[in-house]
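So the chains spell out like this:
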Amino acid sequence: MPTTLGFGAAARSIELKTNQQRSALRQSTALGNQPALDELIAVAQECHEPNWDGYGARAVTPRALSDAFRFLQSLPYGFPLPSVGAEPDGHVTLEWYSSVRRSLSVSIDPDGYLHFAALMGTNHLYGTFTFFETAPRELLRLIREVCG
Amino acid sequence: MAKAPFKFDLGETFRHLSKPPIVEAIIHWQARSQKEWEAEGLRAELSKLLPEYTTCDPMQQLQVDFAAEISEDEKPPLTRHQHQWHGYRLATKDNKYIAQFTRDGLAVSRRQPYQDWEEFSAEAKRVWQVFTSVAQPVDVQRLGVRFINRLESATFENLGDFLPDPPTCPSNLPLNELFYQSSFTVPGQPFGVRVIKLMQRPVEGQTQNTGLFLDFDVYTETPLSRPDEELDDSLKTMRWLKNKVFFDLLTDKAIALYR
């Protein structure tokens, strides 16, 4: 959940405690997101330099990786996890696949925007969200619909 | 006895507290800048537009950078951290007002001693006008009003004097830490409320972490597409909600301490 930004010692203390509580739950295999984080690390390792695909791809930037990390950390506990990849334009891609007619991909660019495309039966949905530290609620709803 | 259903009534007033336990009040506009910011140019502009804010420190955003080397024994990859400039933190000379300008929005904080809502919100709105001139955001994705309170005299032993619903201690085990977070929707209104209660075991030599922290965060559930027109009404409602929750979550005995 997004938080109103604080400044002082009390705000920092509360943020630290909240993060500790979240990471304790994230460490559980039932509620955690480690498989997706492992894939993100693999993307960082394999795609951090230009031409990582042998066809002139752009390097994935620390900003895109960081935003992908924050996005994954903000998913609700026990939420369906995506497979993580990279695109030749340097974006990080998160993909939820349910069947050939139900899938959603979110492309995270280096400027803090989320571009999504969903296939829901015969409907095609796409658009862009500004990324503010947490996964937008509309995207969470789409992911739920795709994953049933 | 069952509690009465929530009643949304902006006409409901609340007692004035002459010594409110507020350690920080914040209004936060989450709004993406549509202008490219250049660090030195922005600093010069902010110091010209907000001369009362005599300190202007760069803010860095932490970026997780995963090291690309895999060691031969396949240990987990190392992570590095990079910092990237993403705005400025301004402070008035007395350090009572803090304004955080980032490309993702503006947060204005009022630190102790908190005076009153009118003064605080007027100052925050004045700084927001400066943000709109330097960032030209097209909308406000989220507006937040947050009040962090510290009830210094609360202890694990006397929590029942402060909270009508203190935590249950199984088998009368002594409480060692309290962390309780809950969030609420407001029926028929586009607002949410998050409440955190935090109490930590005192650390020897440290006094600023003692007592009970009550953190109220009221926020919009939908973007403000016309912030200039919607801001005043939204803030008024959010402040009312904050007061409603505050006075409902404390005992009369506790409130009497701050009158």
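Residues numbered from 1 in each chain as written. Chains lettered and ligands numbered in written order. Predicted model: local features only at pLDDT ≥ 70, side-chain atom pairs only at ≥ 80, totals over all residues. Heavy atoms only, no water.

Q: What exactly am I supposed to notice about the pattern of salt bridges here?
A: Between side chains of opposite charge, a pair can form as their charged atoms come close. All names here are of chain A. Counted by the stated rule, this structure contains 18 salt bridges over all chains. Here Glu133 makes a salt bridge to Arg70, at a shortest N to O gap of 3.2 Å. Taken together, the positions of Glu133 in the loop between strand S5 (123–130) and helix H4 (137–147) and Arg70 in helix H3 (residues 62–74) put the pair 63 residues apart, joining distant regions of the chain. Take Arg70: its relative accessible area is 17%, and that puts it in the buried class. (Salt bridge = Lys/Arg side-chain N within 4 Å of Asp/Glu carboxyl O. Helix = DSSP H or I, 4+ residues; strand = E, 2+ residues; numbered from the N terminus. Buried < 20%, exposed > 50% of the residue type's maximum accessible area, 1.4 Å probe, protein only.)

Q: Honestly, the interface of chain B and chain A in this entry has me stumped. Any pointers?
A: The figure often quoted for interface size is the accessible area lost as the parts come together. Between chain B and chain A, the residue contacts involve 47 residues of the former and 36 residues of the latter. Interface area for chain B against chain A, summed over the two sides, is near 3,600 Å², with a carbon-plus-sulfur share of 58%. For the pair chain B and chain A, the number of links is two salt bridges. At the junction of chain B with chain A, the criterion picks out 15 residue pairs in polar contact (both at pLDDT 80 or more). Ranked by residue count, the leading element in the side of chain B that touches chain A is strand S2 (residues 53–66) of chain B, at six residues. Residue composition of the side of chain B that touches chain A, grouped by class: 19 nonpolar, 14 polar and 14 charged. (Contact = heavy atoms within 4.5 Å. Buried area = accessible area lost by both parts, 1.4 Å probe. Polar contact = N/O pair within 3.5 Å; in protein donor to acceptor, adjacent residues only side chain to side chain. Nonpolar A, V, L, I, M, F, W, Y, C, P; charged D, E, K, R; others polar.)

Q: Just checking my understanding: could you explain the sheet that holds S5(A) for this structure?
A: Strand pairs in the sheet, formed through backbone hydrogen bonds, run parallel or antiparallel to each other. Residues and elements named next belong to chain A. With respect to topology, five strands assemble into an open sheet ordered S1-S2-S3-S4-S5, the strand pairing being antiparallel. Each of the sheet's edge strands pairs with one partner strand only, and the pair in question is strand S1 (83–86) and S5. For this sheet the average axis-to-axis angle between neighbouring strands, irrespective of direction, equals 20°. Of the strand pairs in this sheet, S1 and strand S2 (residues 92–99) are connected by four bridges, and their pairing is antiparallel. Opposite Gly85, over in S2, you have Thr93 as the bridge partner. Where helix H2 (residues 34–46) meets the sheet, its contacts fall on S1 and S2, and the angle it forms with S1 comes to roughly 10°. (Pairing = 2+ DSSP bridges. Axes fitted to C-alpha atoms, helices over the stretch in contact; angles between N-to-C directions.)

Q: Honestly, the nonpolar core in this entry has me stumped. Any pointers?
A: Formed by 64 residues in total, the largest nonpolar core has its most connected members in Ile27(B), Trp29(B), Leu90(B), Phe101(B), Leu106(B), Leu143(B) and Leu212(B). Excluding residues within four positions of it along the chain, Ile27(B) makes contact with Leu106(B), Ala107(B), Val108(B), Trp117(B), Phe120(B), Ser121(B), Ala124(B), Leu143(B), Gly144(B), Val145(B) and Leu235(B). In terms of nonpolar packing, the next biggest core, distinct from the first, is built from 33 residues, Phe71(A), Leu104(A), Phe116(A) and Ala135(A) among them. (Core = buried A, V, L, I, M, F, W, Y, C linked by side-chain atoms within 4.5 Å.)

Q: Looking at this structure, I do not really get the environment of Ala135(B). What am I missing?
A: Residues and elements named next belong to chain B. Tracing the sequence through the fold places Ala135 in helix H2 (residues 117–135). Considering only alpha carbons, one finds Ala135 and Leu42, 93 residues apart in sequence, at a separation of 9.8 Å. With residues near it in sequence (within four places) discarded, Ala135 still touches Ser33, Gln34, Lys35 and Trp37.

Q: Would you mind showing me how to read H3(A) here?
A: Quick reminder: α-helices carry 3.6 residues per turn. Residues three or four places apart thus point the same way. Residues and elements named next belong to chain A. Over its 13 residues, H3 extends 18 Å from the first C-alpha to the last, a length consistent with the 18 Å expected when each residue adds 1.5 Å. Burial within H3 is extensive, with ten of its 13 residues counted as buried. The complete set of buried residues in H3 reads Arg63, Ala64, Leu65, Ser66, Asp67, Ala68, Arg70, Phe71, Leu72 and Ser74. (Expected span 1.5 Å × (residues − 1).)

Q: Sorry if this is basic, but what is going on with the pairing of strand S7 (residues 178–185) of chain B here?
A: In summary, the side chains of a regular strand alternate between the two faces of the sheet. All names here are of chain B. Note that S7 and strand S8 (residues 191–199) share eight bridges and pair antiparallel. Each residue of the ladder has a partner; that of Ser183, found in S8, is Arg194. Between the antiparallel neighbours S7 and S8 lie five residues, among them Gly188 with a positive phi of about 75°.

Q: Just to check I follow, could you spell out the pairing of strand S3 (residues 102–108) of chain A for this structure?
A: Residue and element names in this part refer to chain A. The element S3 is extensively covered by neighbouring structure, given that five of its seven residues are classed as buried. In this sheet, S3 lies alongside S2 in antiparallel orientation, the contact comprising seven bridges. Bridge pairing links Thr93 to Ser107 in S3. What sits between the antiparallel neighbours S2 and S3 is a turn of two residues. Two elements, S3 and strand S4 (residues 113–120), share seven bridges in a ladder whose sense is antiparallel. Residue pairing for S4: Leu104 is matched across the bridge by Ala118. Counted between consecutive antiparallel strands, the loop separating S3 from S4 contains four residues, among which Gly112 sits at a positive phi close to 85°.

Q: Sorry if this is basic, but what is going on with unusual backbone geometry here?
A: What is expected of a backbone is that most residues other than glycine have negative phi and most peptide bonds are trans. Pro113(B) follows Gln112(B) through a cis peptide bond whose omega is -5°. Looking at the secondary structure, you find Pro113(B) in the loop between strand S5 (105–111) and H2. We note that Asn51(A) has phi near 65°; this positive angle belongs to a residue other than glycine. Secondary-structure assignment places Asn51(A) in the loop between H2 and H3. For Glu133(A), which is not glycine, the phi dihedral falls at a positive 75°.

Q: Teacher, can you tell me more about the packing of H2(B) against helix H3 (residues 227–249) of chain B here?
A: Residues and elements named next belong to chain B. Relative to each other, H2 and H3 sit at 150°, their axes nearing to 12 Å. In terms of their interaxial angle, H2 and H3 are classed as roughly antiparallel. Considering only the axes of H2 and H3, their crossing is right-handed. Contact with H2, carried on its side by Trp117, Glu118, Lys125, Trp128 and Gln129, involves Pro227, Asp228, Leu231, Asp232, Leu235 and Arg239 of H3 and no other residues of that element. Tallied by class, the residues present in the contact of H2 with H3 amount to five nonpolar, one polar and five charged. (Parallel < 35°, antiparallel > 145°, perpendicular 65-115°, else oblique. Left-handed = near helix turned anticlockwise from the far one by under 90°.)

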